[in-house]
Amino acid sequence: MPFVSIRSRLIFLAVLLLAILAVASALLIGQLMRASDDLAEEAKLVSIVKNANSASKHFGDLKYWITDSAKTLFVRSQQNADAAKARLDLDLKAIAPVDPAGVAAIGGEVDTLSELARKAAEAYSSDDSAGGNALMQQAQSHILNVDREIEQIVDRSEQHALARRDASMRQAQTAVNVSVAGGIITLVVALSLTALIVHSINAPLRRLEHSMAAITRGELDATIPPPGRDEIGAMASTLGMLRDSLIERDRLERERRRAEAEIRAARDTAQAALRELKAAQANLIQAEKMASLGQLTAGIAHEIKNPLNFVNNFAALSTELLDELKQTAGPALVALDSDGRAEVEEVIAMLTGNLQKIIEHGKRADNIVKSMLEHSRGVTGERREVDLNALVDEALNLAYHGARAQDQSFNITLEQKLDADLGRIELAPQEMTRVFLNLFGNGFYAATKRAQENGDASFRPTLTVATRDFGEAVEVRVRDNGTGIPPEIRDKLFQPFFTTKPTGEGTGLGLSISYDIVTQQHGGTITIDSEPGVFTEFTIRLPR
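Residues numbered from 1 in each chain as written. Predicted model: local features only at pLDDT ≥ 70, side-chain atom pairs only at ≥ 80, totals over all residues. Heavy atoms only, no water.

Okay, the overall build of the protein next. Counting secondary structure elements, the protein contains ten helices and seven strands. When contacts within the protein are restricted to residue pairs at least 6 apart in sequence, those whose partners lie at least 24 apart make up 76%. Of the roughly 31,900 Å² of accessible surface on the protein, 57% is carried by carbon and sulfur atoms. (Helix = DSSP H or I, 4+ residues; strand = E, 2+ residues; numbered from the N terminus. Contact = heavy atoms within 4.5 Å. Areas by Shrake-Rupley, 256 points an atom, 1.4 Å probe, with all protein chains shown as cover.)

What follows concerns the packing of aromatic side chains. Counted according to the given criterion, the structure contains three aromatic pairs. On the numbers, 5.9 Å between centres and 55° between planes, the contact of Y400 with F410 is tilted. Within this pair, whereas Y400 is found in helix α8 (residues 388–406), its partner F410 is found in the loop between α8 and β2 (413–417), the two being separated by ten residues in sequence. On the accessibility criterion, F410 (7% relative accessible area) is buried. Their ring planes at 15° and their centres at 6.1 Å tell us that F436 and F440 sit as a pair that is stacked. Of this pair, F436 and F440 both sit in helix α9 (residues 429–454), four residues apart, which is roughly one turn of the helix. On the basis of relative accessibility, which here comes to 0%, the residue F436 falls in the buried class. Of note, R479 hangs over the ring of F535, and the distance from its end group to the ring centre comes to 3.9 Å. (Phe/Tyr/Trp six-rings, centres within 6.5 Å; stacked < 30°, edge-to-face > 60°. Buried < 20%, exposed > 50% of the residue type's maximum accessible area, 1.4 Å probe, protein only. Lys NZ or Arg CZ within 6 Å of the ring centre and 35° of its normal.)

Looking now at a negative patch on the surface. Taken together, D337, D339, E343 and E346 make up a surface patch of like negative charges. With respect to the helices, strands and loops of the structure, E343 is situated in helix α7 (residues 338–376). By relative accessible area, which is 53% here, E343 ends up exposed. (Patch = residues over 30% accessible without salt bridge, like charges linked within 9 Å, V, L, I, M, F, W, Y side chains within 5 Å. Salt bridge = Lys/Arg side-chain N within 4 Å of Asp/Glu carboxyl O. Lys, Arg positive; Asp, Glu negative; His and termini not counted. Charge placed at Lys NZ, Arg CZ, Asp CG, Glu CD.)

With six of its eight residues buried, strand β5 (residues 473–480) lies for the most part within the structure. As paired strands, strand β4 (residues 462–469) and β5 are joined by seven bridges and run antiparallel to one another. Note on β5: the bridge partner recorded for T467 is V476. Where β4 hands over to β5, the hairpin turn is made up of three residues, of which G471 adopts a positive phi near 80°. The pairing of β5 with strand β7 (residues 535–543) spans eight bridges and is antiparallel. (Pairing = 2+ DSSP bridges.)

Taking 1.5 Å per residue, 19 residues should reach 27 Å; α8 reaches 27 Å between its end C-alpha atoms and fits that length. Residues of α8 that are buried include every one of L388, N389, L391, V392, A395, L396, A399, Y400 and A403, and no others. Down the axis of α8, the buried side of the element spans an arc of 160°, and every buried residue falls inside it. Across α8 from its buried face, at more than 90 degrees, point the exposed residues E394, L398, H401 and A405. Residues of α8 that are buried in the fold lie against β1 (384–387), β2, β3 (424–427), α9, β4 and β5. The backbone nitrogen of N389 lies 3.1 Å from a side-chain oxygen of the residue at the head of α8, namely D387. (Expected span 1.5 Å × (residues − 1). Arc of directions from axis to C-beta. Polar contact = N/O pair within 3.5 Å; in protein donor to acceptor, adjacent residues only side chain to side chain.)

Under the defined criterion, the tally for this structure stands at twelve salt bridges. We note a salt bridge from R544 to D469, for which the minimum N-O separation is 3.1 Å. Taken together, the residues span a long stretch of sequence, with R544 in the segment after β7 and D469 in strand β4 at a distance of 75 residues. Since its relative accessible area comes to 42%, R544 is described here as partly exposed. Classification of D469 as partly exposed rests on a relative accessible area of 28%. With its nearest N and O atoms 2.8 Å apart, the salt bridge here joins R477 to E475. Look at E475 and you get buried, because its relative accessible area is 5%. One salt-bridge network, held together by shared partners, links E475, R477, R479, E537 and R541.

This is the structure:
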């Protein structure tokens, strides 16, 4: 070491540090490039999953319209079937590069299904119902095959996507580990070399200092270090170079940390985008299902309305005719013996009871049809600024007095916790009143039912309504201490025609209509929290 100049030593140290940093950076860049490729492949697999789910939906449309076309021979149904098949072909084309075998199997099954449907249509048009039914039964097996194959494609795509995601995470973790290990090795090597070189410089300086001190003290015979090839006199500038090399090392360390932060941010962004994509896909599918259901509901309701009116009207007319017949045949009945007269009266009473049952169930069916038509029309209403507290109070009084009018024994404790600073909000008053009436009516029913089933005289049915201001939004909470809702059916509450009430006591459309009014017309949210046997609470949040 004494035979090497200080400049040569520092140059050797700097070159070695830069070489180590260059190697570590190259390894890190390679890891980052592989992680980027994995993310791109993962995004591609996510797109394939989306196309597979879309293919499942479009095949559902196709099998519906093919079956409908085969049985009804409607041209419109055949057109719809052709359109659904075109959309399905686009989805299969997108999936083909990843799963060509599955796409080919689905294509074959769809072609076979179309051919069987065509033959069935020919059979039905020739009044060969048995043959048409047999062909449609064969078609059903192909429908099941396609559904199963699409589900398998979705499962395979999701598994590949999860595997790719895990690989990306492992790759990112490897990059982090390599970066940390490289930094530690670089630091150890740098510290070791720095200590060695500083020692090689500091020892001669100490000897020179001792010599200078000895000479200052007058010890002229002090030993002087032998002359060497190092530049002791240029020590200050050499230290400046060392400082610059340390600054460069710190800068590279900051860049490495910044690169790691960017990798983590990119990974978090990709995961957030994936979650948003899945949520948007689920919302789109739900919206399409609800739109199709609304059209179907309107068509069915209109078709049922006229024959239902005939049933109700003729049942009522037949009841009146039976009364007239009983009055007219009165003298003849007197002439009969007691057994004959009892038998005739029993038949008339039985017919009258049957007609009353027909009228009762006919009215119930008519209410269901009206609810279906109301649901299919969607949500409308003029928006204007209103006092939400006053609207809630008015709806609560209306619901309470309506319940009292139907059942004089009905009784419940009403509690209001209205935010005095709520202010006015723009909404459709009539539509929101419908929502509140539905929620209040359900709360009355649940609390009253628990009181009847509980048998505890100390139990007091209670309904609590609260409003709260959140600045950019307002919140309305409706809570009852009724029977509660089991967790397994909460996801079904806002589906049309789903009800927990016994037959004849509910149509299953109230919460569905309320959900459409709050979410679609007002851009808000409606959520539910419940504990069976304790309480149920609906929370409505509306943006200002």
